[in-house]
Every structure is written in structure tokens, then in C-alpha cells.
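# Coordinate analysis (summary)
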Amino acid sequence: MDVEDREEHRAPESLYVHIPFCKSRCFYCDFTTFVKSPAAMEAYVDALVAEWDMMEPLEAPLATAYFGGGTPTLLSASLLDRLLGAMRERFAFRRDAEITFESNPDSITREKLRVLRHHGVNRISFGAQAFQDHLLQAIGRAHLRDAIEQAVWAARDLGFAHVNVDLMFGLPDQTLRDVEESVAAVLRLPVDHVSAYWLKIEPGTPFAKWHDMGLLNLPGEDAEADMYQLVRDALIEAGFVHYEISNFARPGGEARHNLTYWRNEPYLASGIGAHGYARGERYAMERRFAAYLTAVREGRRPVSERRWIPVEERAEDQVILGLRLAEGVDGHRFAERFGRPIEAVFPGVAERLLAEGLLERRGTAYRIPDAYWPVANAIFERWMGAADIH
């Protein structure tokens, strides 16, 4: 008899909402984003609310909601008020729910921050990326350093309990000294979470074109490894916990919504290009702006694709996503979910990685030793296609 994923029917308690608008498109970005008029934004908010009405009723109150983009705070204060008011009318939330909004520093105002707080948004994530104006301009950002600091302090003043700042390293012409200065600037701000990402050259972006033409002066792998280590050392010394490969938090400041992804738990999704995972199925929403609006007008939820995830792939996801975390992938929880221990589902994989020092055990969990986090992708590959679960 086939083994069943015992969380297959678990009710999702998290919701991702995609707001696809940006003032301009950054040179490295391949997300589903558009530069649109205020009228188009208003039409989208109306469609998004109508899509919410088409969703199945929640079986449990939401523990987290995350508004990503794009730039959700590019919406006007009145549209944000309309959107969040509709959200509150349609979804039940736990008393301690985490509600996050992504924002670019140039798109936020104190008026918008007040609207977010009025509707219970308690976490805001600012896409800073760097604190050097020449680097911000070189990657196509619409803001400068001063805007980052002003936005973070305004969020603190208006009562946001949790503030994240995104940083990037491996940027063209970026030096180790630049990264050091950016981390130092973040540590002077009232933030409890920092995300630090390597630059990835994505196909179809301006950076991909310029890279192919030999026009990007990238730091290189060795310099990027030094940058990552510098970020890690500085933040840990300042009291942050390095709890995920690219994420650091002061105790209690971990991104609960993102932990849903890394623990391979179910979540709902709405809005253009959003992806969800519920009841053993991954699904994606329509990526085309006009097609999304048309589907909603016709009374159809604009889901463009659905894919049932075989239990072997779910087990693989459970391990690979869990190994991104400092807590690792818990063997007891894995066995409860899939009915068999990790060692039986992935014969010999854990044993070989343990022998090579690329994996360690802490209690009931397997985790990647801190020294090998920069090469985690190579460790993930060892698990891919190795599941044997029947």
C-alpha cells in the first residue's frame, strides 16, 4: 500500500497575495511585475477582492498573510485601505497573526504606514539591497540611501513590531568594503530581521543580456563567499540568529510566513502570478494582466495550472527545504508525516553525508553544518531523485 503524506489534507493557515506593480523594473528582476496606471491598479484591487470571494471558505483562521510583489505599497493610501478592509471582511485571523507587507523605501509614506497599521499589518519588509547610491543606481533601484533610513525610522515611529531589510551581495562592482558599510548601516537602524541574498543572473533580464555581452563586472565566487561570511559574522555578533541560509533575526523576529514555506507546510495564494500549495497540489495563478482581469470578470478563479505532487517529491521537498534552516529537518516530524523515517525513504543518503561531514545530527534533526551553508545547493542535489517511498 502506498504511503500517504499525512499532512495532505491539512487546512492551510497562510495566505500569499501578489501585488504586481512597480515604479520601474530593476535590472536583475524576473518577478511578475508591471508598470501600470493608477486606473489599472484600481481595477486590479477590485479583481483581487473578487477573486477572494471565489476562494473556498477557510477551515481555520489565518496565522500569517504576506503581501509581496512587485511593490505592494505603490498602491495609494485609499487603495490600500480598500484592499485591507476587504481582507478583514473576508478572512478570519488568529489573534497573534503575522501580516507582512513588502515595500520599497521610495513608495512608502507615513499616511500609508498608518493605513497598514490600522488594518493590523505588523511586519514590513523594505527592499534596500545596498546603502551605496552608485550601486543602487547600477542595479536599477528607484531609491537612494536616505530613503531607506527614513522609511525604517517612520515604520518604527508608527508602531511596526517587526521590520526587515533586504540586502544583496555579489552586485556588479560591489566590494567587500561596500558590504561591510551596508551591514553597519542596517545595524544602526531599528530592525529585527535582515535578509541577505546573492545576486542571481536570471534569464530574460537586462543583467542577463549585459552579462552575455561581457558588460557586468561581477565580484566572482571567492569574493561572494567572503561577502556572505562578513554578513554572517557581523549580524551574529550583533545578536541576530542565522536561522535560514539567507535570513537573520533577533530572537522572536523570525519571518513566520516564510517558515511556512521552509517547513513545507500548506499555504494559499491569490493575485497575478502567485503560487500556492494545498492538499498535495501546487497551483499557479494567471501571469497575464488582461487574462487575470478577464477571468475574474467572467466569474472564474484565474488558476492557470495545477499539479499533483507525488509523495516522493513531497518527501524530497520536506528534506531540502528543511535543510535550509538552522533547525534542520526534524526526523520525528518527517516520520509522522510520511510514515517512515528519513533513513528509510532516502537509503544511504544521510549516512554518506554524515560520514563526509556535510551533515550533522542535533537531537532528532538533520542539519547542514554552518561552514557548509555557502555550498548548500551541492548538498541538496544529493537528495534529489533519491526518495524510495511506497
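Above this note sits the structure.
Read on for a plain summary of the structure. No experiment lies behind these values; they were computed from the predicted model shown.

### What about the packing of aromatic side chains?
The geometry of an aromatic ring pair is captured by the separation of the ring centres together with the interplanar angle, meaning the angle of the planes. Per the counting criterion, the structure on display carries 18 aromatic pairs. Residues Tyr16 and Tyr66 carry aromatic rings whose centres are separated by 6.1 Å and whose planes lie at 25° to one another, so their mutual orientation is stacked. Note that Tyr16 is positioned in strand S1 (residues 14–19) and Tyr66 in strand S2 (residues 62–69), a separation of 50 residues in sequence. One exposure class covers both Tyr16 and Tyr66, and it is buried. Look at Tyr44 and Tyr292: their rings are 5.5 Å apart centre to centre, the planes differ by 40°, and that puts the pair in the tilted class. With Tyr44 in helix H1 (residues 38–54) and Tyr292 in helix H10 (residues 289–297), this residue pair connects regions lying 248 residues apart in the sequence. An identical accessibility class is assigned to Tyr44 and Tyr292; each is buried. By the ring-pair criterion, three or more aromatic residues cluster together here, those being Phe21, Phe34, Tyr44, Phe289 and Tyr292. Sitting over the face of the ring of Phe289, Lys36 holds its NZ or CZ atom 4.5 Å from the ring centroid.

### Observations concerning the sheet that holds strand S11 (residues 281–285)
Overall, antiparallel pairing links the three strands, which are arranged S10-S11-S12 in an open sheet. This sheet does not close on itself; its edge strands, each paired only once, are strand S10 (275–278) and strand S12 (303–308). Going across the sheet, the axis of each strand differs from the next one's by a mean of 20°, ignoring polarity. For S10 and S11, the ladder comprises four bridges, and the chain directions are antiparallel. The residue bridging Ala278 from the neighbouring strand is Glu281, located in S11.

### What to know about the environment of Leu176
In this structure, Leu176 sits in helix H6 (residues 176–187). In this structure Leu176 comes out as partly exposed when scored by relative accessible area, which is 38%. Leave out the neighbours within four places in its chain, and Leu176 touches Asp226, Met227 and Leu230.

### Remarks on the pairing of strand S6 (residues 193–198)
In this structure, strand S5 (residues 162–169) lies alongside S6, joined through six bridges in parallel fashion. Bridge assignment links Val165 to a residue of S6, and that residue is Val194. You can see the chain leave S5, run along H6 and come back into S6, and the turn it takes is right-handed. Two elements, S6 and strand S8 (residues 247–249), share three bridges in a ladder whose sense is antiparallel. Looking at the pairing, Val194 lines up with Phe248 of S8.

### Looking at unusual backbone geometry
A negative phi holds for most residues other than glycine; trans holds for most peptide bonds. Residue Gly70 is bonded to the preceding Gly69 through a cis peptide linkage, with omega at 15°. The topology assignment puts Gly70 in the loop between S2 and helix H2 (77–90). Positive phi, close to 75°, is recorded for Gln129, a residue that is not glycine. Relative to the helices and strands, Gln129 is located in strand S4 (residues 123–129). Phi is positive for Arg279, close to 55°, though the residue is something other than glycine. Considering the arrangement of structural elements, one finds Arg279 in the loop between S10 and S11. The class of Arg279 is partly exposed, set by a relative accessible area of 29%.

### Describing the pairing of S1
S1 sits mainly inside the fold: six of its six residues count as buried. Burial along S1 is two-sided: the face carrying Ser14, Tyr16 and His18 and the face carrying Leu15, Val17 and Ile19 are both buried. Pairing between S1 and S2: six bridges, direction parallel. Each residue of the ladder has a partner; that of Tyr16, found in S2, is Tyr66. In terms of strand pairing, S1 meets strand S9 (residues 268–270) through three bridges, oriented parallel. Residue pairing across strands places Leu15 opposite Leu268, the latter belonging to S9.

### Description of the pattern of salt bridges
With the rule as written, the count across this model stands at 29 salt bridges. We note a salt bridge from Glu265 to Arg10, for which the minimum N-O separation is 3.9 Å. On the criterion of sequence distance, the pair formed by Glu265 in the loop between helix H9 (256–262) and S9 and Arg10 in the segment before S1 is long-range, its members being 255 residues apart. A salt bridge links Asp370 to Arg232; its shortest N-O distance comes to 2.8 Å. One end of the pair, Asp370, is in the loop between strand S15 (365–367) and helix H15 (376–381); the other, Arg232, is in helix H8 (residues 221–237), and 138 residues separate them in sequence. Since its relative accessible area comes to 14%, Arg232 is described here as buried. Via salt bridges that share partners, Arg232, Glu360, Arg362, Arg367 and Asp370 belong to a single interconnected network.

Cut-offs used in this document
- Residues numbered from 1 in each chain as written.
- Predicted model: local features only at pLDDT ≥ 70, side-chain atom pairs only at ≥ 80, totals over all residues.
- Heavy atoms only, no water.
- Phe/Tyr/Trp six-rings, centres within 6.5 Å; stacked < 30°, edge-to-face > 60°.
- Helix = DSSP H or I, 4+ residues; strand = E, 2+ residues; numbered from the N terminus.
- Buried < 20%, exposed > 50% of the residue type's maximum accessible area, 1.4 Å probe, protein only.
- Lys NZ or Arg CZ within 6 Å of the ring centre and 35° of its normal.
- Pairing = 2+ DSSP bridges.
- Axes fitted to C-alpha atoms, helices over the stretch in contact; angles between N-to-C directions.
- Contact = heavy atoms within 4.5 Å.
- Right-handed = clockwise from strand over helix to strand, strands pointing away.
- Salt bridge = Lys/Arg side-chain N within 4 Å of Asp/Glu carboxyl O.

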